[in-house]
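Analysis of the macromolecular model
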Amino acid sequence: MALAMAFFSGMLSSSLPTPLYPVYISLYGFSASQIMAVFGVYAAGVLLALAFTARVNIRPELYTKPLYAGLACVLLSSLLMMLADNFMILILGRFVTGLGSGILMAYINRSLIKLFDTEVSNTAALTASASLILGQAIGPLITGEIVHRGFYALKAPYVILFILVTASVFAIRGSRLVINRHSTPVTGERKNVKAQGHKVLSFRDVIVCCMAIFLSWAMASTFMSQGPTLARTYFNVTSVQLVSYSLSVFLLVAGITQIVMRKKHHYSSLKIGIVTQLSAVLLVLCSVYTTDPFLLFIAVMLEGFAYGAILVGAATIVNVVARQSQRHHLINLLYIVGYVGNWLPFSLSVMMDHFSQETALNAYLCLCSVLSACIASSAYFAGRSQPKSWVGA
């Protein structure tokens, strides 16, 4: 429970500022590029933390130490964001948030795997997924409601975060003996589930997975960073609550899809996600031409489904290939590519600073449509290029 609470707090910090971006623009006159930089520097912090934790070897009996470090980063970032009144403090605050989230992501997952290292190891995955889904989905809801009521909009969300993280620190401290407990892996024989009629996986499939993850995370980043501003200025949606609820539902759909699609074969999940993503990008392009917010909402929900399906399929495929080829760095590669994808919307921000919003959106979405079509073609030809075989799940 303590680990779930800490993970929830870390993920809450990632999505909490989303409805505040239009407020920052109106108060401080930030450009679209500056807002994208505030959003994107979070991804840089997560990447740095993941790269660092991958190289640092900490004994399982000392896992509470990095958990305290991650929570301390989130605490510090909440204070920085509360006091932020200029661009550089916002950048610093979001970067420290990314560091904290990355550390928590790495060591909470390791702790959960250690605690639930049994035949029913799905408990660890479900606990992590539930905390991630709720944390990311509830963040925009809290901030959107606060902004709507005009109750200390720039400070109240971070006061709530500060209280939650402080409670998480005490919860981790209270559970430190359980978290640090030495665990002996189960050595008993486990059932080996096999699926007939599926293709042999190779490094070519890993490339397809990385391409799909890159674009799906780029689209999610676009909605989260530029969505609130564009909804107000381009689609004339003036309700902050409505935009916040839509983004929360988007994250909720993505999370639920991850859980539901676990039941399907990984390559089927990946292909369904890629096709849905192409449909979502084209639908967003249509909504830009018609300035129809309802069409945009449908596209956002489709992208949420695609995001979840692609993540489940790609992560499973890369894990299988990494295990079979003994190239475990492939797992890190997938997430690194995903976080790099968070910077693709920076091109949209630059175009919005120099051209009209309509021109910038059309150019950006045409680029995304071409990328999506290329990914769909790659997945189709990769699926036909190799013979089918028995594959151990």
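Since we're looking at a predicted model, the values are computed, not measured.

A look at the environment of Q357
Its place among the elements puts Q357 in helix α15 (residues 357-384). A C-alpha to C-alpha distance of 7.3 Å links Q357 and Y234, two positions 123 residues apart in sequence. When sequence neighbours within four positions are dropped, the list of residues in contact with Q357 reads L230, T233, Y234 and M352.

Re the confidence of the model for the chain
Regions with low pLDDT should not have their predicted coordinates read in detail. The predicted model of the chain averages 82 in pLDDT, with 85% of residues at 70 or higher. Taken element by element, the predicted model of the chain shows its lowest mean pLDDT in strand β2 (residues 388-392) (44) and its highest in helix α11 (residues 266-290) (93). The model gives residues 118-122 a pLDDT under 50, and that stretch makes 4 contacts with residues more than four places away or in other chains. Segment residues 389-393 is flagged for pLDDT under 50; beyond a separation of four residues in sequence, or across chains, it makes 18 contacts in the model.

As for the pattern of salt bridges
Counting across every chain of the model gives 1 salt bridge. With its nearest N and O atoms 2.8 Å apart, the salt bridge here joins E145 to R149. Taken as a pair, E145 and R149 lie in helix α6 (residues 122-149) at a separation of 4 residues, close to a single helical turn. The class for R149 is exposed, based on a relative accessible area of 64%.

Thoughts on the side chain of S287
With respect to the helices and strands, S287 occurs in helix α11. In this structure the side chain of S287 is engaged in a polar contact, spanning 2.6 Å, whose partner is the backbone oxygen of V284. Those residues in contact with S287 that lie beyond four places of it in its chain are F235, D292, L295 and L296.

Thoughts on the state of the cysteines
Taken as a whole and assessed by the stated rule, the structure comprises 0 disulfides. With no disulfide of its own, C368 lies closest to C366 among cysteine sulfurs, the gap being 9.4 Å. Residue classification places C368 among the buried residues on the basis of a relative accessible area of 0%.

Thoughts on the nonpolar core
One finds Y24 and L270 to be the most contacted residues of the largest nonpolar core, which totals 108 residues. Looking at this core, the element that brings in the most residues is helix α9 (residues 203-233), giving 15 residues.

Considerations on a nonpolar patch on the surface
Taken together, the side chains of V249, F294, F297 and I298 make up a nonpolar region of the molecular surface, amounting to roughly 340 Å² of accessible area. No other element matches helix α12 (residues 293-325), which puts 3 residues into the nonpolar patch. If you trace the backbone, F294 turns up in helix α12. Owing to a relative accessible area of 57%, F294 belongs among the exposed residues under this scheme.

Things to note about the packing of aromatic side chains
Going through the model one piece at a time under the given rule, you end up with 12 aromatic pairs. A centroid spacing of 5.2 Å and a plane angle of 85 degrees characterise the contact between F151 and Y152, whose relative ring orientation is edge-to-face. The exposure class of F151 is exposed, given its relative accessible area of 51%. Residue Y152 is classed as exposed on the basis of its relative accessible area of 60%. Ring plane angle 90 degrees and centroid distance 5.0 Å describe the contact between W217 and Y339, whose orientation is recorded as edge-to-face. Here W217 is found in helix α9, whereas its partner Y339 is found in helix α13 (residues 329-341), with 122 residues between them in sequence. The class for W217 is buried, based on a relative accessible area of 8%. Three or more aromatic residues link up through ring pairs in this structure, and these residues are Y24, Y28, F30 and F87.

Examining helix α14 (residues 345-354)
Looking only at α14, the buried set comprises P345, L348, S349 and M352. Along α14, the residues classed as buried sweep out an arc of 100 degrees about the axis, all on the same side.

A closer look at the packing of helix α10 (residues 240-260) against α12
Close contact between α10 and α12 brings their axes to 7 Å; oriented N to C, the two are set at 30 degrees. Of the possible angle classes, the one that applies to α10 and α12 is roughly parallel. For the element pair α10 and α12, the recorded crossing hand is right-handed. On α12, the residues that touch S246, V249, F250, V253, A254, T257 and Q258 of α10 are F297, V300, M301, E303, G304, F305, Y307, G308, A309, L311 and V312. Across the contact of α10 with α12, the residue classes break down as 12 nonpolar, 5 polar and 1 charged.

With respect to the packing of helix α1 (residues 2-15) against helix α7 (residues 156-174)
It is the contact of α1 with α7, at a shortest axis distance of 9 Å, that shows an interaxial angle of 155 degrees. When the axis of α1 is compared with that of α7, the two are roughly antiparallel. Relative to α7, the crossing made by α1 is left-handed. Only L161, L164, V165, A167, S168, A171 and I172 of α7 make contact with α1, whose side of the interface consists of A2, L3, M5, A6, F8, S9, L12 and S13. Looking at the contact of α1 with α7, its residues break down into 12 nonpolar, 3 polar and no charged.

A short note on the side chain of S14
Examined against the element boundaries, S14 turns out to sit in helix α1. For S14, a relative accessible area of 11% corresponds to the buried category. From its side chain, S14 meets the backbone oxygen of M11 in a polar contact 2.5 Å long. Residues contacting S14, with those up to four places away along its chain left out, are Y42, R94 and Q136.

Definitions and limits used
- Residues numbered from 1 in each chain as written.
- Predicted model: local features only at pLDDT ≥ 70, side-chain atom pairs only at ≥ 80, totals over all residues.
- Heavy atoms only, no water.
- Helix = DSSP H or I, 4+ residues; strand = E, 2+ residues; numbered from the N terminus.
- Contact = heavy atoms within 4.5 Å.
- pLDDT = per-residue confidence, 0-100.
- Salt bridge = Lys/Arg side-chain N within 4 Å of Asp/Glu carboxyl O.
- Buried < 20%, exposed > 50% of the residue type's maximum accessible area, 1.4 Å probe, protein only.
- Polar contact = N/O pair within 3.5 Å; in protein donor to acceptor, adjacent residues only side chain to side chain.
- Disulfide = S-S within 2.5 Å.
- Core = buried A, V, L, I, M, F, W, Y, C linked by side-chain atoms within 4.5 Å.
- Patch = residues over 30% accessible without salt bridge, like charges linked within 9 Å, V, L, I, M, F, W, Y side chains within 5 Å.
- Areas by Shrake-Rupley, 256 points an atom, 1.4 Å probe, with all protein chains shown as cover.
- Phe/Tyr/Trp six-rings, centres within 6.5 Å; stacked < 30°, edge-to-face > 60°.
- Arc of directions from axis to C-beta.
- Axes fitted to C-alpha atoms, helices over the stretch in contact; angles between N-to-C directions.
- Parallel < 35°, antiparallel > 145°, perpendicular 65-115°, else oblique.
- Left-handed = near helix turned anticlockwise from the far one by under 90°.
- Nonpolar A, V, L, I, M, F, W, Y, C, P; charged D, E, K, R; others polar.

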